[in-house]
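The chain contents come next:
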Amino acid sequence: MAAARTRIAIGIIALAAILAARSTSGQPAPPDPALAARIAAADLAAGEVLASQCTICHTLTAGGPTLIGPNLYDIVGAPIARTAGYAYSPPMASLGAAGGTWTVELLDAFLASPATTVVGTRMGFGGLASETDRANLIGWLRTQSVAPAEMPGLAAVDPTTPVYEAYQADRGRNYYGDSCGLCHGPTAGGDTAPPLKGPVFQANWNGRTVWELFNYTRRNMPADAPGGLEDERIARILAYILQENGYEAGPMPFRVDRASLEQLILRF
Ligand code: HEC
Ligand code: HEC
C-alpha cells in the first residue's frame, strides 16, 4: 500500500516535471536525449505490431471514429484531450484545458504507466514496461501523420541533408526522360502534367515525407500506365527530382525502405 502510494506520488512529481519543462517562451523543452535517441533508432515495424494492442480501444487512422478511447492519428505533439465531444476523465480534461501537449516525454511516461502518470485516467491499460517497446511504438505513432512532429535526432531534411547519391540522380535523369518527361516536361518543369519542381510542386510536398512522394509515384505514375515501374527505378527518378528541387547529393543512398523514407521530411 505504502509502495503504491509512493509510486503514485512519484508519478505526479514526474508529470509535474514534464509539464514544467516547457520553457517560458511556450516552446516545449528539448526532449530527454536518451529518449530522443531511442525514438530516432525506433524499429517502426515493431512499433506497428505493438500498436495493435491499442486498437481494441483506439482507431489509429486519419478520421477514425472514437471507440472506447479517442482516435490517435497524429497524436505525437498534439494537444491533450483534443477530441471534441469525447468524455475524457476529469484529470485528462484538465491537462488539456491547461494547454498540455503529447510530448514524447509525456507519452513515454503515460504509456509506461497510464494510471500513475495521469492519476484518475479512464484508460484501462496496464502499460508497456520496456522502454524499447515504448520508443518503437512512439516512433511509429509519430509517422502516422502527414507532417510528423519535429524532433532532434530525426532531422527534418533540407537541401543540406543529402538523401541520395549522385550516381542515382544521374541514372534517374535518363529514366525520367523515358518514363515521365513526355507529360512533365524534359527537365521536370511541366508540360501537359504539372511541374515536378518549383514553387507549386514544393508547396504540395513541403512537410510531407519522402515515403509519401515515393508511394504516390509508385501507385499513380506514369499516369497512363500506373504501377508498372520497378522500385529502384522510381528511387532514381526521385533522386533526380530532388536534385532538380535543390537537394544536394551526398554519401547517403536513396534506399527503398519505408521505415527510413518515413523519417525524411521534405523541406523546401
Ligand atoms: C482498454 C482500452 C484502452 C487501451 C487498450 C488503450 N487505451 Fe488509450 N485511452 C483509453 C481511454 C478510455 C482513454 C481516455 C482516457 C481519459 O480520458 O482519461 C485513452 C486515452 C489515450 C490517450 C490520450 C488521447 C487524447 O486525446 O489526449 C493516448 C495518447 C492513448 N490513450 C494512447 C494509447 C496507446 C498508444 C495505447 C496502446 C499501447 C492505448 N492507448 C491503449 C483506452 C485505452
Ligand atoms: C501520361 C502522362 C504522365 C506521365 C507519363 C507521368 N505523369 Fe506524373 N502526373 C501526371 C498528371 C496528369 C498529374 C496530375 C495528377 C493529379 O493532379 O491528380 C501528375 C502528377 C504527378 C505528381 C504529383 C505532382 C504534385 O505537384 O503533387 C508526381 C510526383 C508525379 N506526377 C510524378 C511522375 C513521375 C516520377 C513520372 C515518371 C515515372 C510521371 N509522373 C509520369 C501525368 C503523368
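The rules we used
- Residues numbered from 1 in each chain as written.
- Chains lettered and ligands numbered in written order.
- Predicted model: local features only at pLDDT ≥ 70, side-chain atom pairs only at ≥ 80, totals over all residues.
- Heavy atoms only, no water.
- pLDDT = per-residue confidence, 0-100.
- Helix = DSSP H or I, 4+ residues; strand = E, 2+ residues; numbered from the N terminus.
- Contact = heavy atoms within 4.5 Å.
- Salt bridge = Lys/Arg side-chain N within 4 Å of Asp/Glu carboxyl O.
- Buried < 20%, exposed > 50% of the residue type's maximum accessible area, 1.4 Å probe, protein only.
- Expected span 1.5 Å × (residues − 1).
- Polar contact = N/O pair within 3.5 Å; in protein donor to acceptor, adjacent residues only side chain to side chain.
- Near = heavy atom within 4 Å.
- 1 Å grid on protein atoms, 1.4 Å probe; cavity = no way out; pocket = protein on both sides within 12 Å on 5 of 7 lines; lining within 4 Å.
- Sits in = over half its atoms within 2 Å of the grid points.
- Nonpolar A, V, L, I, M, F, W, Y, C, P; charged D, E, K, R; others polar.

### Description of the confidence of the model for the protein chain
Note that predicted coordinates carrying low pLDDT should not be read in detail.
Stage number 1. Looking at the protein chain, pLDDT values average 85 and 84% of them are 70 or higher.
Stage number 2. Taking the mean pLDDT of every element in the protein chain, the minimum, 51, falls on helix α1 (residues 2-20) and the maximum, 97, on helix α9 (residues 181-184).
Stage number 3. A low-confidence stretch, residues 155-159 stays under pLDDT 50, and its non-local contacts, those more than four residues away or across chains, total 17 contacts.

### Things to note about the pattern of salt bridges
Oppositely charged side chains can form a pair if their charged atoms are brought close together.
Stage number 1. Evaluation of the coordinates by the stated rule reveals eight salt bridges.
Stage number 2. Here E131 ties to R38 by a salt bridge, and the two come within 3.6 Å at their closest N and O atoms. Of this pair, E131 sits in helix α7 (residues 131-143) while R38 sits in helix α2 (residues 33-40), and the two are 93 residues apart along the sequence.
Stage number 3. On the accessibility criterion, E131 (40% relative accessible area) is partly exposed.
Stage number 4. Look at R38 and you get partly exposed, because its relative accessible area is 21%.

### Describing α7
Stage number 1. Across its 13 residues, α7 extends 19 Å between first and last C-alpha, which sits within 8% of the 18 Å expected from 1.5 Å per residue.
Stage number 2. Here α7 lies mainly inside the structure; ten of its 13 residues are buried.
Stage number 3. Of the residues making up α7, those classed as buried are R134, A135, N136, L137, I138, G139, W140, L141, R142 and T143.
Stage number 4. Residue S130 occupies the N-cap position of α7, its side-chain oxygen lying 3.2 Å from the main-chain nitrogen of T132.

### What to know about the site of ligand 2
Stage number 1. Lining the immediate surroundings of ligand 2 are 19 residues, of which C180, C183, H184, N204 and M221 lie closest.
Stage number 2. At 2.8 Å, a side-chain N or O of H184 approaches a nitrogen atom of ligand 2.
Stage number 3. More than half of the atoms belonging to ligand 2 lie within 2 Å of the grid points that define the second largest pocket.
Stage number 4. Only α9, α10 (199-205) and α11 (210-220) provide two or more residues apiece to the shell around ligand 2.
Stage number 5. Of the residues that constitute the shell around ligand 2, the class distribution is 14 nonpolar, four polar and one charged.

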